[in-house]
Amino acid sequence: MNKVYHVGVVGCGMISEVYIRNMQSVFSDVLAVQGVFDRNQENALRRAEQFALPRCYSTMEQMLEDPLIDIVLDLCPPAAHYSVNRQALEAGKHVYSEKPLAATYEQGAELVELARKNGVRLGCSPDVPLGSMIQTARKLVEEGAIGRVVGATANLIKQGVETWHPNPDFLYQPGGGPLLDMGPYYLTALLHIVGPFASVSAMDTISFPTRRITSEPHFGEIIHVNVPTYVNALLQFTNGALATFTATFDVWNSKLPFLEIYGETGSILVSDPNRFGGPVMLAKAGGEYGQVPVCFPYSDNNRGLGIYDMARAISDGTVPRAESTYALHVLETMTAISASAKEGIRIPLRTACGKPSPMPG
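Residues numbered from 1 in each chain as written. Predicted model: local features only at pLDDT ≥ 70, side-chain atom pairs only at ≥ 80, totals over all residues. Heavy atoms only, no water.

## Focus on the nonpolar core
Within the largest apolar cluster, 113 residues are counted, with the highest numbers of intra-cluster contacts made by Met 23, Leu 31, Leu 235, Phe 245, Ile 261 and Ile 268. Looking at which element gives the most residues to this core, the answer is helix H7 (residues 177–193), with 10 residues. In this view, Phe 245 contacts Ala 154, Leu 179, Gly 183, Tyr 186, Leu 187, Val 231, Asn 232, Ala 233, Leu 235 and Ile 337; residues no more than four positions away in its chain are not counted. (Core = buried A, V, L, I, M, F, W, Y, C linked by side-chain atoms within 4.5 Å. Buried < 20%, exposed > 50% of the residue type's maximum accessible area, 1.4 Å probe, protein only. Helix = DSSP H or I, 4+ residues; strand = E, 2+ residues; numbered from the N terminus. Contact = heavy atoms within 4.5 Å.)

Encoded structure:
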């Protein structure tokens, strides 16, 4: 019989709904949501009522003092991740955080060390690469379907979140932007499929210094943009392969692939790395792309898979697949991209994390 870990959720915004729903259904054999906290008490009360949760904490301290809570799930805006994660780790709780782990590499490294010192687990999204699409692409590469990987391209090309997000302002402030907000999906997918990164070089810009919100409830309000919204990066993997990575909120339409992997004897094409499931295409040398069957579970919107895997790893004494050392490597890669763009130099990376364990097929 599986040990059940009791979860306290901090942050009751839009993403909390799918997390809580999945923890109460798909992952309920290991996870049980006990309560929620949000600085906006109305948000917390609404989520607690929606999912019939037993507790709605009035303060985060109240949650951390609850001996029933095993794992704190941090779903706060990115700027708050460091402080929330640190506070929970200092309270001796296991922590699973939405991405990014922190706003800077130094803060992320501090959190990883604090978790190690206190003997608790620290995990971090995205868990999307644990889904059927990226795991199938990884299996193809590791089985030699395209031979030695020589290159890749990743393209996050979309129009800004102010066209659909109910509270888009924070995504144009430090800790947000296309690189830190959406970049983790693409870079973590590359980490699973190809491996860790060795160095980066980049350029970036703020294409539009202000944005007009066209979504509700803030329709018509003006956002002042304080992070780059168009980023071009060149990545070198530790195995010597190269990748190009574009992340932008400034483009209305594009035909570039979301993610394409190039090998000696063929190529692999996958869909949006922000989705657990999607088509996986394989082209052998001299041939056309054809779809291959996925051979792993989790093709739906299975957010929460990472905290589920972490809870099972705590029981088994194994390393979680969304462990913080992988998130720290991705965070260092992203902050190095920003630093390279600012300083105009190529930057070698310090972290060396290897690849997460593959999912069982």
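## Some points on the packing of aromatic side chains
Applying the stated criterion across every chain, the model contains five aromatic pairs. Centroid distance Tyr 172 to Phe 249: 6.0 Å. Interplanar angle 75 degrees. Geometry classified as edge-to-face. Remark: Phe 249 occurs in the loop between strand E12 (242–248) and strand E13 (259–263) and Tyr 172 occurs in the loop between strand E7 (149–157) and H7; sequence separation between them is 77 residues. Here Tyr 172 matches Phe 249 in class, with each residue buried. By way of ring pairs, the aromatic residues Phe 27, Tyr 298 and Tyr 308 are connected into one cluster. Just above the ring of Tyr 5 sits the side chain of Lys 3; from NZ or CZ to the centre is 4.8 Å. (Phe/Tyr/Trp six-rings, centres within 6.5 Å; stacked < 30°, edge-to-face > 60°. Lys NZ or Arg CZ within 6 Å of the ring centre and 35° of its normal.)

## Thoughts on the pairing of strand E2 (residues 31–37)
Extensive coverage of E2 is indicated by the burial of seven of its seven residues. Alignment of strand E1 (residues 5–10) against E2, held across six bridges, turns out to be parallel. Residue pairing for E2: Val 10 is matched across the bridge by Phe 37. Handedness of the crossover joining E1 and E2 through helix H1 (residues 16–23): right-handed. Examined bridge by bridge, E2 and strand E3 (residues 55–56) share two bridges and lie parallel to one another. Across the sheet, the residue bridging to Val 36 is Cys 56, located in E3. (Pairing = 2+ DSSP bridges. Right-handed = clockwise from strand over helix to strand, strands pointing away.)

## Remarks on the environment of Gly 290
Along the chain, the position of Gly 290 falls in strand E16 (residues 290–292). The partly exposed category is assigned to Gly 290, whose relative accessible area is 27%. For Gly 290 and Phe 258, which are 32 residues apart along the polypeptide, the C-alpha to C-alpha distance reads 17 Å. When sequence neighbours within four positions are dropped, the list of residues in contact with Gly 290 reads Val 280, Met 281 and Leu 282.

## Section: the pattern of salt bridges
Scanning the entire structure with this criterion turns up 17 salt bridges. One salt bridge in this structure joins Arg 138 and Glu 142, with 2.8 Å as the shortest N-O distance. Taken together, the residues Arg 138 and Glu 142, both in helix H6 (residues 132–142) and four residues apart, mark about one turn of the helix. Between Glu 162 and Arg 211 there is a salt bridge; the shortest N-O distance is 3.3 Å. (Salt bridge = Lys/Arg side-chain N within 4 Å of Asp/Glu carboxyl O.)

## Notes on the side chain of His 94
Within the secondary structure layout, His 94 lies in strand E5 (residues 94–97). The exposure class assigned to His 94 is buried, which follows from its relative accessible area of 16%. A polar contact is formed between the side chain of His 94 and the backbone nitrogen of Arg 121, at a distance of 2.9 Å. What His 94 contacts, discounting residues up to four positions off in sequence, is Asp 70, Ile 71, Val 72, Val 120, Arg 121, Met 310 and Ile 314. (Polar contact = N/O pair within 3.5 Å; in protein donor to acceptor, adjacent residues only side chain to side chain.)

## Focus on helix H9 (residues 324–343)
Helix length check: H9, at 20 residues, gives a terminal C-alpha distance of 28 Å against a target of 28 Å (1.5 Å per residue), a fit within 8%. Of the residues trailing H9, Gly 344 is marked for its positive phi of about 70 degrees. (Expected span 1.5 Å × (residues − 1).)

## Structural notes on H6
In terms of burial, H6 is a largely internal element, nine of the 11 residues being buried. For H6, the full list of buried residues reads Ser 132, Met 133, Ile 134, Gln 135, Thr 136, Ala 137, Arg 138, Leu 140 and Val 141. Tucked into the core, H6 has its buried residues touching E7, H7, E13, strand E14 (266–270), strand E15 (280–284) and E16. Trailing H6 by a residue or two, Gly 144 shows a phi angle of about 85 degrees, which is positive.

## Here's the deal with the packing of H6 against H7
Packed helices, taken two at a time, are described by the angle their axes make and the gap between the axes. One way to put it is that H6 packs onto H7 with a least axis distance of 8 Å and a crossing angle of 35 degrees. For the crossing formed where H6 meets H7, the hand is right-handed. Of H7, the residues touching H6 (which contributes Ile 134, Gln 135, Ala 137, Arg 138 and Val 141) are Ala 189, His 192 and Ile 193. (Axes fitted to C-alpha atoms, helices over the stretch in contact; angles between N-to-C directions. Left-handed = near helix turned anticlockwise from the far one by under 90°.)

## Quick notes on unusual backbone geometry
Look at the link from Lys 99 to Pro 100: it is a cis peptide, with omega at -10 degrees. Take Pro 100: it is sitting in the loop between E5 and helix H5 (105–118). Phi at Ala 52 takes a positive value of approximately 50 degrees, unusual for a residue other than glycine. By the secondary structure assignment, Ala 52 is in the loop between helix H2 (41–50) and E3. Overall, the relative accessible area of 66% leaves Ala 52 in the exposed class. Positive phi outside glycine occurs at Tyr 298, with the angle close to 70 degrees. By the element assignment, Tyr 298 lies in the loop between E16 and helix H8 (305–316).

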